Structures are given as structure tokens and as C-alpha cells.
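Next come the chains, spelled out residue by residue.
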Amino acid sequence: MALTAKRKARVEKPAVFTWEGTDRRGARIRGETRAASLALVRADLRRQGVTPTKVKKKPRPLFETKKKIKPADIAYLSRQLATMMSAGVPLVQSFDIIGRGHDNPSMQGLVLSIKADVESGTALTVALRKHPLYFDDLFCNLVAAGEQAGVLDVLLAKIATYKEKTESIKGKIRKALFYPAAVIAVAVIVTAVILLFVIPVFKDLFTSVGADLPAFTLLVISISDFMREWWWGVLLTLIALWFFGSNLWKRSPRFRELVDRTILKIPVIGPVLNKAAIARFARTLSTTFAAGVPLVDALGSVAGATGNIVYSNAVMQMREEVATGQALQLSMRQRDLFPHMVIQMTAIGEESGALEDMLAKVADFYEEQVDNAVDALSSLLEPLLMVVIGTLVGGLVIAMYLPIFKLAAVF
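These figures come from a predicted structure and were not determined experimentally.

J.: Honestly, the packing of helix H11 (residues 269-290) against helix H12 (residues 295-303) in this entry has me stumped. Any pointers?
T.: Packed helices, taken two at a time, are described by their axes: the angle between them and the distance between them. Closest axis-to-axis distance for the H11/H12 pair is 9 Å, and the angle between their directions is 140°. Here H11 is positioned oblique relative to H12, judged by the angle of their axes. Viewed along their axes, H11 and H12 form a crossing whose handedness is right-handed. Here Phe281, Thr284, Leu285, Thr288 and Phe289 of H11 lie close against H12, whose contacting residues are Leu295, Ala298, Leu299 and Val302. A breakdown of the residues in the contact of H11 with H12 according to their chemical character gives seven nonpolar, two polar and no charged.

J.: I tried to follow the environment of Pro214 on my own but got confused; where do I start?
T.: Here Pro214 shows up in the loop between helix H8 (152-209) and helix H9 (215-251). When its relative accessible area of 22% is taken as the criterion, Pro214 is described as partly exposed. A C-alpha to C-alpha distance of 9.7 Å links Pro214 and Met400, two positions 186 residues apart in sequence. Sequence-distant contacts of Pro214, defined by excluding residues within four places in its chain, comprise Leu402 and Pro403.

J.: Just checking my understanding: could you explain helix H2 (residues 38-47) for this structure?
T.: Two residues of an α-helix separated by three or four positions point the same way, owing to the 3.6 residues in each turn. Buried within H2 are the following residues: Val41, Asp44 and Leu45. In an axial view of H2, the angular spread of the buried residues amounts to 100°, which keeps them on one side of the axis. Looking at H2, the residues exposed on the side facing more than 90 degrees away from the buried face are Ala39, Arg46 and Arg47. Residue Gly49 follows H2 closely and has a positive phi angle near 85°.

J.: Would you take a moment to explain the packing of aromatic side chains for this structure?
T.: Each aromatic ring pair is characterised by the separation of its centres together with the angle its planes make. Counting across every chain of the model gives six aromatic pairs. Between Trp230 and Trp232, the aromatic rings sit 5.5 Å apart at their centres with planes inclined by 40°, giving tilted as the arrangement. The exposure class of Trp230 is partly exposed, given its relative accessible area of 38%. By relative accessible area, which is 43% here, Trp232 ends up partly exposed. The interplanar angle of 80° and the centroid separation of 6.0 Å between the aromatic rings of Tyr311 and Phe338 together place this pair among those described as edge-to-face. One end of the pair, Tyr311, is in helix H13 (residues 309-323); the other, Phe338, is in the loop between helix H14 (328-333) and helix H15 (340-352), and 27 residues separate them in sequence. Phe338 gets classed as buried once you look at its relative accessible area, which sits at 8%. Within the aromatic cluster, the residues linked to one another by ring pairs are Phe281, Tyr311 and Phe338.

Rules used throughout
Residues numbered from 1 in each chain as written. Predicted model: local features only at pLDDT ≥ 70, side-chain atom pairs only at ≥ 80, totals over all residues. Heavy atoms only, no water. Axes fitted to C-alpha atoms, helices over the stretch in contact; angles between N-to-C directions. Helix = DSSP H or I, 4+ residues; strand = E, 2+ residues; numbered from the N terminus. Parallel < 35°, antiparallel > 145°, perpendicular 65-115°, else oblique. Left-handed = near helix turned anticlockwise from the far one by under 90°. Contact = heavy atoms within 4.5 Å. Nonpolar A, V, L, I, M, F, W, Y, C, P; charged D, E, K, R; others polar. Buried < 20%, exposed > 50% of the residue type's maximum accessible area, 1.4 Å probe, protein only. Arc of directions from axis to C-beta. Phe/Tyr/Trp six-rings, centres within 6.5 Å; stacked < 30°, edge-to-face > 60°.

This is the structure in C-alpha cells:
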């Protein structure tokens, strides 16, 4: 029985087929399509008025590079579905159009797999929950609310807007941090090259001359000797620390909380990440609450969307307190994480019955704050990094030229 299920799963996996045939007028046509089996391709072609003469599975390239499915692809899928459904296109046909027209084979397979489930009578929420790697609980809960209320197109549009805004924030933060990371990596490589290959040449020159070397030059030569002799040990230590840190991050919630809490306190970078977490909190809670999800359930979905375990733990504590009847704004006030303005806007929203609107305004405000902070961060880090690199590399160069200046003064 288990073997039969495995074979069925293997057969139903979508693949690309090339076909040739004749249309109703007798003209020869050809093309490509993605389906679960050759029989389904022939049946689909006949429904379109094409008489297939040749259908075969397209061989995969020998060195195929599989594209990953990114969060931006899921946001684009939500936007496309919302647009087509609001235009009156049926859900199954919408999935078919999107799947067959997608450039990413992985995304194409995902969409057509969901389409096959929905076409067989499975609810869209159930079909999405089969792919938790791409559709989290928040996404599925919002879709479920849309299906139950009969406003799936409206909820998909809200999901698309939510994902586009959150991905925009993440992209801007990554862009701000990429430049310093790249510059630091280049600085480390340049420093390693100087220590391993350049300084030994100067050392041999100074030894042959028998010059009396300054203390700073001797220190740099000692570091160079250590790196030349123990470079493999340093490299293995860094790799071991990377693996140890990665495993500790995956297995230890306390370690993740310590790291996230420390990052939030870093000057310049910390305030940006705090504002980004608050923006995601407000945007997610506004979207879920506007979709008709109860506040307690909405907070459960919001916890995983903040992007920081410190805020995630705080939201889960707030969820427990709200479940006992405590006001949201009072619970937020006790966490000591949310600014006074956010708490007051939440309080006004609770009192007036327009909590989703107030939280949306908070999200808009903090998203703009993140934009401005990222621009300021980039402007601040560029000259600071240049100073650090100049001091590092310039210090090594000066250390090597000090004895030369001293010898030139003697002669």
C-alpha cells in the first residue's frame, strides 16, 4: 500500500513536455507544457482543439541550476492571484495561467502543484499548508479567513501589500548592511595578503641589512610570522566557530535571544532594527485584524513575523495577557519595547474600534523612519569604514617603512 502511494506521488510530480500537433484548421503547431503525466498533456491539448501527433518529456539539462523560490516570488504570486480573481478569472484558471507563464521552474512546479490540489476539490488553505516552507501560518490563516468570508481576492490583495512592504524593509536593511560587510571582507583579505606575502619580503631585507627595528615594526613582523606558521590553525578555528555558532543558533533559544538582544543595543544599527521590528509588528497585526482574525489568534501569527526573538517572545507574552482579558495597549506598556507613540495609537484604536487603521498608520510611519534611518546609516558608515581600512592598511605600510626612514636618516 505504501509502495503504491510512493509510485503515485512520483507519477504526479509535474514535468515539462514538448508536443507537436495540428489545430482545427489542420495547421501544424508545437509548444511546451507542464503537467503531471503524458496522458494529461494529451487530454489538455484535445480540450484546446489540438490533435497531438508527438508528445515527449523534455530532458533536463545536464548541469541544471535550480532557482530558489524567494519571498518576493510569493508576494508576486499573491498580487497576480488577487488581480485575476478581482477580474473574474476562476481560481484554478488563475493558477494555471500564473504557473505556465512563470520563468522560475521551481515556482512553476509549486503553483501547478497547488492548482492540481485545488482542481481535485481541496480547499486552497489546505493546499497551501502542504508547502509550509513558502506559506507560513500567517499566510494560510489570512487565506482561510478570505475563503470563509467569500472575499478571497480582497484578502490576497492585503497579503500582497503586506509582503511587498515587509520585503521592502528587509531589502533596505540588507542593502545597508551589505556594503560594510563587503568592505570588511575586502579589508580582511588585503590585510592577510600583506601579512603573508609582503611583510616577509621586508623582513628578509631588514635582516640582511642588520637594522635596529622599531617596536611597532617588530610587532607587525611577529604577527606576520604567527600567521605564516599558524594560518591553517586560524582558518580551522574560524570554521569551527562558524559551525558551533550556527548549531547553537538553531538549538538554543536563549542564545538567539542573547544575540538578538545584543544586536538591538548596538549603536546606529540597533535603532534601525528596532524600528523595523515595530513596523513589521504593526503591519502584520493590522493586516490580520482587518481580515477578521481574532486578536488573540492574530498575535500568535504576529509573533513569528517580527523578525527578532526578543519581540517575538514579548508578543507571545502579550497574547497570553490579552487572552485573559487585558487591554492590548496595557500589555504593550509592560513590555518596555514599544515607544510611547505606538502605545497611544494602539489605545486610541482600541477605544474607537479602529485598531487596524491606527496600526496601519503606525506601520507607515515606522517604515518611513526605517527608510530615512537606512539612508543615514549608509552615509555614516561609508566614511567610517574608509577610516578603519585606511588605519589598518596604512598602519602595516608605515610599520614596514619606519626602518627605511631610519636608515635613510643615518646615511
